[in-house]
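# What the coordinates show
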Amino acid sequence: MKLKSEILDSSAFNRALVRIAHQIIEKNSNVENLAVIGIKTRGVPIAQRIAKNIYDIEGVKVDVGVLDITLYRDDLSHISPDPIINSTDINFDINGKTVVLADDVIYTGRTVRAAMDAVMSIGRPDKIELFTMVDRGHRELPIRADFVGKNLPTSHSEVVKVNLTETDGKDNVEIYSL
């Protein structure tokens, strides 16, 4: 892969997370009934940062969970005959809550569909909303993000990489050509 460009630098990346926290607060007047759940892997630190930003703005600590969608993927048999199951860590009741799913990139929509199935197997939230740092288009399912850090139209021959300090040592968004 060849780096084409940096789409968001660290400052723009973090500004987007603060902006999204404000948008989530504006859309959900009762943040006490809010939970943010990160889709493994990069959605988890993003969810934690969104929750921290909400706390910094509103002074309300929202529940944060970790969601592993491995068993809910529709391409599971193509990935491996023996998939590695990571752990889901949602140690709070999601029934009646507004759940904001957080992920790094939305592409076909299949990850989000699997995440919604996983959440619904745990409980019955009032509402599920979606935050993604990058929406690159090319949806195969009728799914859209409620909150988007950056809309980035791409071709199928491009790869979008969201880097996070927690997993990659830096915060930015890069686009690569194959």
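It should be noted that the structure appears before, not after, this text.
Residues numbered from 1 in each chain as written. Predicted model: local features only at pLDDT ≥ 70, side-chain atom pairs only at ≥ 80, totals over all residues. Heavy atoms only, no water.

With 18 residues, helix 1 (residues 10-27) extends 26 Å between its outermost C-alpha atoms, agreeing within 8% with the 26 Å of an ideal straight helix rising 1.5 Å per residue. Within helix 1, the full set of buried residues consists of Ala-12, Phe-13, Ala-16, Leu-17, Ile-20, Ala-21, Ile-24 and Ile-25. Structurally, the start of helix 1 carries an N-cap: the backbone nitrogen of Ser-11 is 3.2 Å from a side-chain oxygen of Asp-9. (Helix = DSSP H or I, 4+ residues; strand = E, 2+ residues; numbered from the N terminus. Expected span 1.5 Å × (residues − 1). Buried < 20%, exposed > 50% of the residue type's maximum accessible area, 1.4 Å probe, protein only. Polar contact = N/O pair within 3.5 Å; in protein donor to acceptor, adjacent residues only side chain to side chain.)

In this structure, Ile-50, Phe-131 and Met-133 are the most contacted members of the largest nonpolar core, which totals 32 residues. The set of elements that each furnish at least two residues to this core consists of helix 1, strand 2 (34-39), helix 2 (43-58), strand 4 (98-106), strand 5 (127-135), strand 7 (158-163) and strand 8 (172-177). Looking at this core, the element that brings in the most residues is helix 1, giving eight residues. By size, the runner-up hydrophobic cluster in this structure holds 20 residues, among which are Ile-37, Ile-69, Ile-90 and Ala-115. (Core = buried A, V, L, I, M, F, W, Y, C linked by side-chain atoms within 4.5 Å.)

Moving on, we get to the pairing of strand 2. Most of strand 2 is tucked away: six of the six residues are buried. Alternating residues of strand 2 divide into Leu-34, Val-36 and Gly-38 and Ala-35, Ile-37 and Ile-39, and every residue in both groups is buried. Relative to strand 4, strand 2 runs parallel, the two being bridged by five bridges. Each residue of the ladder has a partner; that of Ala-35, found in strand 4, is Val-99. Of the strand pairs in this sheet, strand 2 and strand 3 (residues 63-67) are connected by five bridges, and their pairing is parallel. Note on strand 3: the bridge partner recorded for Gly-38 is Val-66. Crossover strand 2 to strand 3 through helix 2 is right-handed. (Pairing = 2+ DSSP bridges. Right-handed = clockwise from strand over helix to strand, strands pointing away.)

Spatial strand order, 3-2-4-5-6: five strands in an open sheet with parallel pairing. Edge positions in the open sheet fall to strand 3 and strand 6 (147-151), since each of these has one partner strand only. Averaged over all adjacent pairs, the angle separating strand axes in this sheet is 25°, with direction ignored. Where strand 5 meets strand 6, four bridges bridge the pair, whose relative direction is parallel. Bridging from a neighbouring strand, Phe-131 pairs with Phe-147 of strand 6. Sheet strands in contact with helix 1 are strand 2, strand 4, strand 5 and strand 6, and its direction is about 150° off that of strand 6. (Axes fitted to C-alpha atoms, helices over the stretch in contact; angles between N-to-C directions. Contact = heavy atoms within 4.5 Å.)

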